[in-house]
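# Survey of secondary and tertiary structure
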Amino acid sequence: MMNRLHRLPALISCLLFSLFVTAQPAARHNLEFDHLASRWDEAMPLGNGMLGALVWQKKDRLRLSLDRADLWDERKALDLSKFSFRWVEQQVLKKDYKPVQQLGDHPYDNSPYPTKLPAAALQFNLKELGQVVSNKLDIATAINTVTFQSGAVFRTYIHATQQTGYFEFENLPAAVTRQLIPELEIHNYNSGKSAAENDNSHSGEGLEKLGYTKGTVASGASSIRYHQPTYQHHYFEVLVRWAKTGNRLTGSWTISNDRPAFLPESGLKAIENSHRQWWTRFWNQSAVQLPDAAVEKQYYLELYKLGAVSRKGAPAITLQAVWTADNGSLPPWKGDFHNDLNTQLSYWPAYTGNHLEEAATFTDWLWKMRAKNQQYTRQYFEVEGLNVPGVATLSGDPMGGWIQYSLSPTVSAWCAQHFYWQWKYSMDEAFLKTRAWPYIHDAAVYLENITRLQQGTRKLPLSSSPEYNDNAINAWFRDWTNFDLALAKFLFTAAAETAAAMKQPAEAGRWKQRLSELPAYNVNETGLTIAPGQSMESSHRHFSPYMAIYPLVLLDVNRPEDKRIIEKSLRHIEAKGTRAWCGYSFSWMASLYARAQQADSALRQLQIFASNFCSPNSFHLNGDQKGGQYSGFTYRPFTLEGNFAFAQGVQELLLQSKQGYIAVFPAVPASWKNVRFTNLRAEGAFLISAEMKNGDISRIKIVAEKGGRATFKLPFLKFRIHAQSNLQMKESGNGFVHLNGKPGGMVVLGSAG
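Residues numbered from 1 in each chain as written. Predicted model: local features only at pLDDT ≥ 70, side-chain atom pairs only at ≥ 80, totals over all residues. Heavy atoms only, no water.

Let us now look at the pairing of strand S9 (residues 143-148). Across six bridges, strand S8 (residues 132-138) lies against S9 in antiparallel orientation. Note that in S9 the partner of Asp138 across the bridge is Ile143. Linkage of S8 to S9, two consecutive antiparallel strands, is achieved through a turn of four residues, within which Ala142 is found at a positive phi near 60°. Hairpin connection between S9 and strand S10 (residues 153-158): a loop of four residues separates the two successive antiparallel strands, and Gly151 in this loop has a positive phi of roughly 100°. (Pairing = 2+ DSSP bridges. Helix = DSSP H or I, 4+ residues; strand = E, 2+ residues; numbered from the N terminus.)

Below, the structure written as C-alpha cells:
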C-alpha cells in the first residue's frame, strides 16, 4: 500500500531520478564496417523525409543513390469508371470472377505506371583513394564517414530540414585532389537497352519501360545539372555543385520536382550545426536500455530510420520511402502507398516512442487526400463518406491490384486509427476538433452506408482478410471476416468516443447503436477464425484475423473470456508454423505475444527478425536471409514496415496503452533483469519513465503532460511514493491505481517490497 512517509522533496527526487535523463544513442548503436557495401540494399541510409541517399560501392565508384519522396509517375492504369464494388459483388455471386481480375488486378501488373521513381546516382572514382578502412554511420548525427587507407576521409549527410545533401573529402593526396570530381550517372528512362539487374529484390520491369524523353546533363567546371522530362510535361532536376580548396573537395546536391533545382551558397560546415541540433532534439524524445544488445541496437536503428523518413511537409512513408531501389528497375511493388498493412505498421512506434511529430506525417498526408478519397468513395462504393484506397499513388489515386485489399471496404477504418492515436497520445483538443473527429466521423458514415442491416445485424456486402487466398474469388466472403469486423468495431467505438469528447451526445449514441448492431467475433477451437466456417488452414504471412488483439486492442488478456480467445489463437498460429511468414510477420507477432503477456515468445520473434530478415544495414528484406531457416521466402525485397513494427514490438514489452488503463512493464522477458526506459508515451498524454534493477522495479515516474485522469496497472502491488506534485492517486487493488492531475503533474513511485 502507499506509504506517504517515504515522500522525498522534489530536489532529492530529481537527484534520485537522474538515471532517467535521456541520452543520445551510443556508439554501439551505429552502423560500422571496414568496407563499403556492394549492394544498394546494404548501403548506408541517409534521409530527411523528402530527400534520401544510399552510400555504397558499385564497381570502382563510391556511389550515392539519390532519391526524392515525391518523384512519381502518376499516369493512371486503373479505370474505375468501368466497374464498382456493387458490380464486383454481382460477379462474385455469378461466380464469374475473371472480368474482375482483368479490370481490377491486371492494370497493376501489366502497366509500369503509376510508380515511384528513383532520381540519379552521384559517384566518385575510388581508384586513387586506396582501400576503405572504416565506414561509419553515426546515427546520433545522421552523418556517414568513410576513411581510406590513403588517409583521405569522406563525410556526407542530408540536412535534417533543408532540401540539400552535403559531401566532402578531406586529406586528399595531391594527385587525387586534381583528378577527383563528382560524376552523375542517370537512370535509363527512355526506350533503349534495359539496365535492370536481377538482384532477387522483387523489382518490376526496367525503368526504360516508362518511355521518357532522354534527359539532358549540363556539366560545368564545378557543377552538374541533370534535367529529366517524365510524363505529361512533368520533370525533375538534380543539381550538384562543388569546390576544391587545398586537399579538400566539398560539395552539395539537391533534387527538385517540376521546378529548376537550386542550391544555397553555404557549404557543408556552415549549416551542419542546425542539422545536428535537429537530431539531438529527435533523440531526446525518448530512450530505452535493454540487456539484449542485438535487440537494443536494432531498436535504435529503427528509430533512426523513422527520423530519416518522416518530416512535416513530406509525403507519408511508402514501401521504401526515400530509398528507392537503385538497380535499374521499377521498385518492388512500385514503391507505393500500401494501406492494407505497410503504411499503418510504419507509424506504430511513433506514438509510444514519443515521436508524435513524425507520426503526424501520416495523418497529414491522409488529410490532404481526404477530398480525393471522398470522391473515390462516391465513385467506387457509390455511397457518401470516406474510404481510402488500399494501394494508392502519391496523390491518393487508387492503383488496383488484388482488389480484395487494394480496394478493400475497410481501409479507412485502419487509417482512422492513426487519427485516433494522434489524438489519444497527445490529447490535442485542436487536433480532435479539426482532424480526428471529422476524419473518424466521415469514415464511420461511409461504413454505416456501405453495410446492410439484416434482421438487426449489420453486414458488409463482401468481406475479405488480407491476404487470405490472394486474389482468387474465394478471397471474398459473404459473412464478416474477423479482419473487417474488428475494424468496424474499432471505428464505431472511436466514432462514439470522439463524438462524446466533442460534446455531441446524439452522435455518440448513433455510433454506439451501430456498434451494437455488429455480430460477435467468429471463434472456434482455433481461436479467431478467418470468417465463419473458415479457420486459418496453413501458415500465413498476414495476421489480419487477429487485428482485435493488436493493433486494435479490442481484446485484453486480463479479461478471462478474451484471454481464452487470445491463447487459442496464438496456439493455432504456432501450430501452423512460420514457413509462409515474411519478416514483418515476426515483428508484428512480437506485439501479439506482448499483448498476451508472453514476453519470452515476443522476444524470440524480435531476435529472429533481427538475425534472419534484415540486411547488414538493418533494412527489412522480407525473406529469410539465412537460406530459409524460418521461412520459405528467401527473396530480398526491401520494405520498411517490418522495421518499424519491430520497434513497436520492443515498446510493447515496456509500456502498453489498453482500453481503460495503462500497463507499465506488462511483458518483461524472464532473462531481462536490468531494463530502463525514459519518456515513453501512453494514451492520455502521459509520459512514463521506469527502471528495473536486478529483476526488481526500482522506479517509475509518471508525468501528466496535459493533466486529466487515467488508470495505471503497476508491476508491483505495494509501493512507495518518492515524489508527488499536482497529481492525486487512488488505489483500487491488484496493482491498479487511478490518477487525476493538473498539466505537468508528476509522481515518482518505488517498490515497497
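Read on for the rest.
For the rest of this paragraph, the subject is unusual backbone geometry. Here the amide bond leading from Tyr113 into Pro114 is cis, since omega sits at 0°, within 30 degrees of zero. Of note, the amide linkage connecting Pro466 to Glu467 takes the cis form, showing an omega dihedral of -15°. One can find Glu467 in the loop between strand S21 (457-459) and helix H14 (482-501). Despite not being glycine, Lys59 shows a phi value in the positive range, around 55°. One can find Lys59 in the loop between strand S3 (51-58) and strand S4 (61-68). The phi dihedral of Lys95 is positive, around 60°, even though this residue is not glycine. Relative to the elements of secondary structure, Lys95 occurs in the loop between helix H2 (85-94) and helix H3 (98-110).

Reading across from one edge, S1-S8-S9-S10-S11-S16-S15-S14-S13 is the order of the nine strands in this open sheet, with antiparallel pairing throughout. Since the sheet does not close on itself, it has two edges, and those belong to strand S1 (31-33) and strand S13 (216-219), each with one partner. Recorded for the sheet is a direction-independent mean angle of 10° between the axes of neighbouring strands. Against the sheet, helix H5 (residues 272-283) touches S9 and S10, its axis set at about 65° to S10. (Axes fitted to C-alpha atoms, helices over the stretch in contact; angles between N-to-C directions. Contact = heavy atoms within 4.5 Å.)

Moving on: the packing of aromatic side chains. By the definition in use, this model includes 55 aromatic pairs. Ring centres of Trp348 and Tyr550 lie 5.0 Å apart, and the angle between their planes is 85°; on these two criteria the pair is classed as edge-to-face. In this pair, Trp348 sits in helix H8 (residues 348-352) while Tyr550 sits in the loop between strand S23 (527-528) and helix H16 (560-576), placing the two residues 202 residues apart along the sequence. Taken individually, Trp348 and Tyr550 each receive the classification buried, so the pair is uniform in this respect. Judged by centre distance (5.2 Å) and plane angle (55°), the ring pair of Tyr351 and Trp421 falls under tilted. Separated by 70 residues along the polypeptide, Tyr351 in helix H8 and Trp421 in helix H12 (residues 411-426) bring together distant segments of the chain. Residue Trp421 is classed as buried on the basis of its relative accessible area, which comes to 7%. (Phe/Tyr/Trp six-rings, centres within 6.5 Å; stacked < 30°, edge-to-face > 60°. Buried < 20%, exposed > 50% of the residue type's maximum accessible area, 1.4 Å probe, protein only.)

Here five strands make up an open sheet; going across it, the order is S2-S3-S4-S7-S12 and the pairing antiparallel. Two strands lie at the open edges of the sheet, namely strand S2 (44-47) and strand S12 (183-186), each paired on one side alone. Shown here is a sheet whose adjacent strand axes are inclined to one another by a mean of 25°, direction ignored. In the sheet, S2 pairs with S3 via four bridges, with the strands oriented antiparallel. Of the residues in S3, the one forming a bridge with Met44 is Val55.

Another aspect to go through is the side chain of Glu652. Position of Glu652 among the secondary structure elements: in helix H19 (residues 641-654). Residue classification places Glu652 among the buried positions, given a relative accessible area of 2%. Not counting the four nearest positions on each side in its chain, Glu652 is found in contact with Tyr550, Ser591, Ala594, Arg595 and Pro666.

Geometry only, nothing functional implied.
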